Amino acid sequence: MSIERTLVLIKPDGVARNLSGSILARIESKGYSLVELKKVNATRDLLEQHYEEHLGKPFYEPLVEFMLSGPVVAAIFEGHRVIEGFRCLAGTTDPTTAAPGTIRGDFGRDWGLAVQQNLVHGSDSVDSAEREIKIWFGA
Ligand SMILES: Nc1ncnc2c1ncn2[C@@H]1O[C@@H]2COP(=O)(O)O[C@H]2[C@H]1O
């Protein structure tokens with residue numbers, strides 16, 4: 001059994017809507033363990049590192065502005081296949097069509113804004129989890 005770690009972000013929409021506790025509870029209820037947790041006001045520099053793969057995309061600047069618009073909850077969760085498991089729990093990117101039962105499907109929708117406010121972020125691979133955990137929590 002290989003134990004993975006993943007970076008979970010509760011984005012400013014989730015924090016502003018007081019959904020942090022409900023979202024964290026779902027992840028814990030699924031059986032993953034909370035390793036680190038903090039509430040942060042992200043800086044542009046941190047977000048540019050985090051979203052470097054999206055640089056140049058039409059939603060890049062609105063995305064960075066949205067992530068700067070309020071505090072974010074950053075967490076590290078641990079468990080066997082947690083990377084895949086959390087992304088499944090989060091649901092697909094577009095919250096309007098994300099399946100009911102998922103975090104985005106139950107709590108989110110498209111508000112017609114420049115960026116999809118979809119409540120949560122989860123690392124998509126072992127390599128990106130390692131990279132993102134360093135960005136948000138240090139070595
Ligand atoms: N086509 C899009 N239009 C607007 N925002 C997007 C689009 N695709 C992705 N995003 C946003 O960019 C984010 C990239 O990281 P996430 O997958 O966590 O969540 C994504 C959405 O919040």
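Residue indices begin from 1 for each chain and proceed along its sequence in written order. It should be noted that, the model being predicted, local features are given only for residues of pLDDT at least 70 and side-chain atom pairs only at 80 or more, the latter also being counted only at that level, while totals for whole chains, interfaces and linings use all residues. Only hydrogens and water are removed before side-chain values are computed, so all heavy atoms of the structure are retained for them.

S.K.: Would you explain the pairing of strand 1 (residues 3-10) in this entry?
M.R.: Consecutive side chains of a regular strand alternate in pointing toward one face of the sheet and then the other. Of all the 8 residues making up strand 1, 6 are buried; the element is thus mostly covered by neighbouring parts of the structure. We treat two strands as partners when DSSP finds at least two bridges between them. Working definition: helices are DSSP H or I runs of at least four residues, strands are E runs of at least two. Numbering for both runs from the N terminus. Sheet topology places strand 1 next to strand 3 (residues 72-80); 8 bridges connect them, and they run antiparallel. Opposite Ile3, over in strand 3, you have His80 as the bridge partner. Each residue gets one of three labels from its accessible area relative to the maximum for its type: buried under 20%, exposed over 50%, partly exposed in between, using a 1.4 Å probe on protein chains only.

S.K.: What am I meant to see in the environment of Ile76 here?
M.R.: Mapped onto the elements of the fold, Ile76 is located in strand 3. With a relative accessible area of 4%, Ile76 lands in the buried category. Separated by 46 residues in the primary sequence, Ile76 and Gly122 place their C-alpha atoms 9.8 Å from one another. Those residues in contact with Ile76 that sit more than four places away from it in its chain are Arg5, Thr6, Ser33, Leu34, Val35, Glu36, Ile133 and Phe137. Two residues qualify as a contact provided that any one of their heavy atoms is within 4.5 Å of a heavy atom in the partner residue.

S.K.: Looking at this model, I keep getting lost on the UniProt feature "active site" (unreviewed entry) in the protein chain. Mind explaining?
M.R.: UniProt positions are given in the numbering used here, feature names are shortened, and annotations may be inferred rather than shown by experiment. UniProt annotation of "active site" (unreviewed entry) refers to His121 when read in the numbering used here. Its location among the elements puts His121 in strand 4 (residues 120-122). The class of His121 is buried, set by a relative accessible area of 14%. Setting aside chain neighbours within four positions, we find His121 in contact with Leu7, Val8, Leu9, Lys11, His50, Phe86, Arg104 and Glu132.

S.K.: What exactly am I supposed to notice about the nonpolar core here?
M.R.: Most often, soluble globular proteins keep nonpolar side chains buried together rather than apart. For the purposes of this section, nonpolar cores are sets of buried Ala, Val, Leu, Ile, Met, Phe, Trp, Tyr and Cys residues that join through side-chain atoms within 4.5 Å. By size, the foremost hydrophobic cluster in this structure holds 20 residues, and its most contacted members are Ile10, Ile23, Ile27, Phe77, Phe86 and Val120. Of all the secondary-structure elements, those providing two or more residues to this core are strand 1, helix 2 (20-29), strand 3 and helix 5 (82-90). Residue contributions to this core peak at 5 residues, all from helix 5. Apart from residues lying up to four places away in sequence, Phe77 is in contact with Glu4, Arg5, Thr6, Val8, Leu24, Ile27, Glu28, Tyr32, Ser33, Leu34, Val35 and Val82.

S.K.: Help me understand the packing of aromatic side chains, please; the structure alone is not making it clear to me.
M.R.: Working definition: an aromatic ring pair is given by the centre-to-centre distance plus the angle between the planes. Only rings of Phe, Tyr and Trp enter the pairing, Trp through its six-membered ring, and a pair is recorded when the two centres are within 6.5 Å. The plane angle decides the type: under 30 degrees is stacked, over 60 is edge-to-face, the rest tilted. Summed over all chains, the structure comprises 0 aromatic pairs. The ring of Phe137 carries Lys38 above its face, with NZ or CZ at 4.6 Å from the centroid. Any Lys NZ or Arg CZ found within 6 Å of a ring centre and within 35 degrees of that ring's normal is scored as a charge over the ring.

S.K.: Please clarify how the UniProt feature "binding site: ATP" (unreviewed entry) in the protein chain should be interpreted in this entry.
M.R.: UniProt feature "binding site: ATP" (unreviewed entry): in the numbering of this structure it lies at Lys11, Phe59, Arg87, Thr93, Arg104 and Asn118. Considered against the largest pocket, the annotated residues that line it turn out to be Lys11, Phe59, Arg87, Thr93, Arg104 and Asn118. Structurally, Thr93 can be placed in the loop between helix 5 and helix 6 (103-107). Within the fold, Arg104 resides in helix 6. In this view, Arg104 contacts Ala90, Gly91, Thr92, Thr93, Pro95, Ala98, Asn118, Leu119, Val120 and His121; residues no more than four positions away in its chain are not counted. Any residue with an atom within 4 Å of a point lines the site, the site being either a cavity, points on a 1 Å grid over the protein atoms alone where a 1.4 Å probe fits but cannot get out, or a pocket, an open set with protein on both sides within 12 Å along at least 5 of 7 lines.

S.K.: What am I meant to see in the sheet that holds strand 4 here?
M.R.: Strand pairing in a sheet is mediated by backbone hydrogen bonds. Such pairs are either parallel or antiparallel. Pairing is antiparallel across the open sheet formed by 4 strands, whose spatial order is 2-3-1-4. At either end of the open sheet lies a strand with only one pairing partner, and these are strand 2 (33-40) and strand 4. Pairwise comparison of adjacent strand axes, ignoring direction, gives a mean angle of 20 degrees for this sheet. The pairing of strand 1 with strand 4 spans 3 bridges and is classified as antiparallel. Axis lines are fitted to C-alpha atoms, over the contacting stretch for helices. Their N-to-C directions set the angle, which ranges from 0 to 180 degrees.

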